[in-house]
Amino acid sequence: RTIQQSLLPSSLPNEGWLCASGSSVASREVGGDYYDVTAVTPDCWSAVVADVSGKGVSSALLASLLQGALITASEHPEPMVRRMEQLNRFLLGRTAGEKYATVFYSLLQSDGQMHYVNAAHCPPLVVRADGSMEELETTGMPVGLLEIAEFPSAQFRLTAGDKVVIYTDGVTEAQDSASNFFGKNRLREVVSLHAAATCNELHDAIQEAVNAFVGGAAQSDDITVVVLAYRQ
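This section reports on the structure supplied with the text. (Residues numbered from 1 in each chain as written. Predicted model: local features only at pLDDT ≥ 70, side-chain atom pairs only at ≥ 80, totals over all residues. Heavy atoms only, no water.)

### Considering the overall build of the chain
Step number 1: When helices and strands are tallied, the chain shows 6 helices and 10 strands.
Step number 2: On C-alpha atoms alone, the chain measures out to a radius of gyration of 17 Å, which is about the 17 Å that the 2.2 N^0.38 rule sets for 232 residues.
Step number 3: When the backbone C-alpha atoms are referred to their principal axes, the chain occupies close to 45 × 45 × 30 Å.
Step number 4: Across the chain, contacts joining residues at least 24 apart in sequence account for 71% of those joining residues at least 6 apart.
Step number 5: For the chain, the computed accessible surface area is about 10,300 Å², with 50% contributed by carbon and sulfur atoms.
Step number 6: The average position of the 15 basic charges and that of the 27 acidic charges among the side chains of the chain differ by 3 Å. (Helix = DSSP H or I, 4+ residues; strand = E, 2+ residues; numbered from the N terminus. Rg over C-alpha atoms; globule rule 2.2 N^0.38 Å. Contact = heavy atoms within 4.5 Å. Areas by Shrake-Rupley, 256 points an atom, 1.4 Å probe, with all protein chains shown as cover. Lys, Arg positive; Asp, Glu negative; His and termini not counted. Charge placed at Lys NZ, Arg CZ, Asp CG, Glu CD.)

This is the structure we're talking about:
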């Protein structure tokens, strides 16, 4: 657990044109989620959130492998697609489809242009300062599932004050003692209510809302939340 936690970013950007806040809480000693926000150039950042199927040590090892494969990025969007295709073939060749991962892999430019590949991951929420929201929909299948899978990229233009909420299904599938799910509607309500807050405040509000809903119930899945704030 200590080793895995040390692989997560020790600090995230908090000044300049991009601000980020993130956390990942494993449901067991180790988990299959991971996230990273890294500088590619002064005018480009890469943000990744991944969720490996299953739980425990095997998923944690695969999550670390994904992190190693995606830790470096080019500021150009074209290599994103090739890298995801290579990663898909690599995982499939070693796990024969028994382990796969959903991945949201993105490049954000200082002019607000975002290029991303959403490999069957939960659609991130883009929230405006007025509380209105859009989703960054799926563009492809999970990595490591099928050899024929394709991973086309998509684009989205952010404007000053926009925030992007990237999360794993452990958030929406968090359960209370009566086995009710937190759900996407509650998540959207929290995000809309704190749309004008800082990225740190929005991140903390989501965490607090999930914890309050779950109460004393055992955590059934890893919970990862990353909030990006575009401030150009």
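Once you've had a look at it, read on.
### Points about the nonpolar core
Step number 1: Val 37, Val 103, Met 114 and Leu 228 are the most contacted members of the largest nonpolar core, which has 46 residues in total.
Step number 2: Considering each element in turn, this core owes the most residues, 7 residues, to strand E3 (residues 44-52).
Step number 3: If near-sequence neighbours (up to four positions away) are discounted, Leu 228 is found in contact with Leu 18, Cys 19, Ala 20, Val 37, Ala 47, Met 114, Asp 162, Lys 163, Val 164 and Ile 166.
Step number 4: Within the second largest apolar cluster, 25 residues are counted, among which are Val 190, Leu 202, Val 210 and Ile 223. (Core = buried A, V, L, I, M, F, W, Y, C linked by side-chain atoms within 4.5 Å. Buried < 20%, exposed > 50% of the residue type's maximum accessible area, 1.4 Å probe, protein only.)

### Describing the state of the cysteines
Step number 1: Across all of its chains, the model carries 1 disulfide by this definition.
Step number 2: Sulfur-sulfur distance for the disulfide between Cys 19 and Cys 199 comes to 2.4 Å. Here Cys 19 is found in strand E1 (residues 18-25), whereas its partner Cys 199 is found in helix H6 (residues 199-214), with 180 residues between them in sequence. Across the pair, Cys 199 and Cys 19 agree in class, each one buried.
Step number 3: Distance from the sulfur of Cys 44, which forms no disulfide, to the nearest cysteine sulfur (Cys 19) is 17 Å.
Step number 4: On the basis of relative accessibility, which here comes to 0%, the residue Cys 44 falls in the buried class. (Disulfide = S-S within 2.5 Å.)

### Considerations on the sheet that holds strand E9 (residues 163-167)
Step number 1: Taking strand neighbours across the sheet as the criterion, the 5 strands line up as E1-E10-E9-E6-E7 in an open arrangement whose pairing is antiparallel. For this open sheet the edge positions go to E1 and strand E7 (133-135), each flanked by a neighbour on one side alone. Sheet twist, expressed as the mean angle between neighbouring strand axes with direction ignored, is 15°.
Step number 2: Looking at chain direction, strand E6 (residues 125-127) and E9 are connected through 3 bridges and run antiparallel. Bridge assignment links Val 127 to a residue of E9, and that residue is Lys 163.
Step number 3: Contacts between helix H5 (residues 183-193) and the sheet are confined to E6, E7 and E9, with E7 contributing the most and set at about 135° to the helix.
Step number 4: Here H6 sits on the sheet and contacts E1, E6, E9 and strand E10 (223-230); the angle it forms with E1, its principal contact strand, is near 25°. (Pairing = 2+ DSSP bridges. Axes fitted to C-alpha atoms, helices over the stretch in contact; angles between N-to-C directions.)

### Observations concerning the side chain of Thr 172
Step number 1: Structurally, Thr 172 can be placed in helix H4 (residues 169-172).
Step number 2: Those residues in contact with Thr 172 that lie beyond four places of it in its chain are Tyr 167, Phe 181, Phe 182, Gly 183, Lys 184 and Leu 187.

### Some points on the pattern of salt bridges
Step number 1: Tallied over the entire structure, the rule returns 5 salt bridges.
Step number 2: Asp 162 serves as the salt-bridge partner of Arg 128, at 2.2 Å between the closest nitrogen and oxygen. Taken together, the residues Arg 128 in the loop between E6 and E7 and Asp 162 in the loop between strand E8 (154-157) and E9 connect sequence positions 34 residues apart. Each member of the pair Arg 128 and Asp 162 is classed as buried.
Step number 3: Bridged by salt links that share partners, the residues Arg 128, Glu 134 and Asp 162 form one connected network. (Salt bridge = Lys/Arg side-chain N within 4 Å of Asp/Glu carboxyl O.)

### Remarks on the packing of H5 against H6
Step number 1: With their axes 9 Å apart at the nearest point, H5 and H6 run at an angle of 140° to one another. The angle between H5 and H6 places the two elements in the oblique class. Handedness of the H5/H6 crossing: right-handed. Mapping the contact onto sequence places Arg 186, Leu 187, Val 190 and Val 191 in H5 and Leu 202, Ala 205, Ile 206, Ala 209 and Phe 213 in H6.
Step number 2: For the contact of H5 with H6, a count of residues per class yields 8 nonpolar, no polar and 1 charged. (Parallel < 35°, antiparallel > 145°, perpendicular 65-115°, else oblique. Left-handed = near helix turned anticlockwise from the far one by under 90°. Nonpolar A, V, L, I, M, F, W, Y, C, P; charged D, E, K, R; others polar.)

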